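Chain by chain, the residues run as shown.
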Amino acid sequence: MNWHCIQHQPNEGPGHVAEWLEDNGHSLAFTKLFEPNPTFPAPADFDGLLILGGRMSVGDEAAFPWLREEKEFLQQVLRTGKITLGLGLGAQLLAETLGGEVRPNPEPEIGFWTVRFSSRSLEHPLLRGWPEKAAVLHWHRDTLTVPPAAMRVGMSAGCATQGFVWGDGVIGLQFHPEMTREMAEQLMLSESHETAAEQEFVQTAAQIRERLKSVWKGRKLLEQLLANMVWLHEDEAGFLAQG
C-alpha cells in the first residue's frame, strides 16, 4: 500500500507506524505542515492516510491557517472511503470533520493510563486481535465526542472517549501507540514537562520514564491495527477486481 502522512510538528512523527510500514513493504510519503508551502496530495495518489498529533487544537485556525485547508482535504478523503488512521490531534480532526465535537477534557491526561476497549468495538474488523484493556501513552488536554454513525472504541478513568471507528476503514485514537521512547523524551522536553507536578491524570517525567518500557504494549496494538487495515484494503481491492 501507498500511505500518506499528515505531520503537524517536527517532534511528533510517525514513529512505530513508519517502522511497521517499512518492515512490511509499504511506502510512506509526507505533508509536513510546519514546513513552508505544504501541499496535500490528490486522494488518488495514496491508499491509506495517517494523521498525526500536535499541540495545537482543532479550532486554532487563526494561529495555524493551514488547519482550514487540512479540514477540507479530510472531507475529500473521507468521501472516497480511504483507509484512514488519526492519532491524537489527528483523531480530533477526523471527529470534527465527521460531525463530532472537540472540547477541553475535564482534566489533562498525560502519561501511561489504562484504556478499556468496549466489547462491541472489539468485534469490528479493524480491532480484531486487540485485548480488553491496555496501558498506553496519553498526551492530551482536549477530548472528542463520538461522531454520528461512529462507534466508541473505549474509555479510561480520565477520558470518556478514547477513540472511534467510522465505517469499515476509518479509526481515530485519542492515545499515542505510535510513540517510541525517544519521541516520548522529545515530547517531555518540548512541553517543559520535566518540572510538571503530579495531578490526578498527569504523571511526572520520572513516573513516565519508569513506564516507558510499556510502549511495546501500544506498539503491539498499533501493529495489529495496521495489519487489519491492510487486510481490509486488500480484501476490498480483491473484491473490486473480481467485480
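About the criteria used
Residues numbered from 1 in each chain as written. Predicted model: local features only at pLDDT ≥ 70, side-chain atom pairs only at ≥ 80, totals over all residues. Heavy atoms only, no water. Buried < 20%, exposed > 50% of the residue type's maximum accessible area, 1.4 Å probe, protein only. Helix = DSSP H or I, 4+ residues; strand = E, 2+ residues; numbered from the N terminus. Phe/Tyr/Trp six-rings, centres within 6.5 Å; stacked < 30°, edge-to-face > 60°. Lys NZ or Arg CZ within 6 Å of the ring centre and 35° of its normal. UniProt positions renumbered as here; feature names shortened; annotations may be inferred.

Quick look at helix α3 (residues 89-97) now. For α3, the tally of buried residues reaches 7 of 9 residues, placing the bulk of the element in the interior. Residues Leu 89, Gly 90, Ala 91, Gln 92, Leu 93, Leu 94 and Ala 95 constitute the buried set of α3. Downstream of α3 by a residue or two, Gly 99 has a phi angle that is positive, lying close to 100 degrees.

For the rest of this paragraph, the subject is the packing of aromatic side chains. Under the definition given, this model contains 6 aromatic pairs. Their ring planes at 50 degrees and their centres at 6.2 Å tell us that Phe 46 and Phe 73 sit as a pair that is tilted. In this pair, Phe 46 sits in the loop between β2 (27-32) and β3 (48-51) while Phe 73 sits in helix α2 (residues 66-80), placing the two residues 27 residues apart along the sequence. On the accessibility criterion, Phe 46 (2% relative accessible area) is buried. Each member of the aromatic cluster is reached from another via a ring pair, and the members are Phe 40, Phe 46 and Phe 73. Positioned above the aromatic ring of Phe 30, the side-chain terminus of Lys 32 is 5.1 Å from the ring centre. One cation-aromatic arrangement involves Lys 82 over Phe 46; the distance from NZ or CZ to the ring centre is 5.5 Å.

Bringing the UniProt feature "domain: Glutamine amidotransferase" (unreviewed entry) in the protein chain into the picture now. Per the UniProt annotation, the sites labelled "domain: Glutamine amidotransferase" (unreviewed entry) are residues 43-190. With 23% helix and 34% strand, the stretch residues 43-190 has end C-alpha atoms that lie 33 Å from each other.

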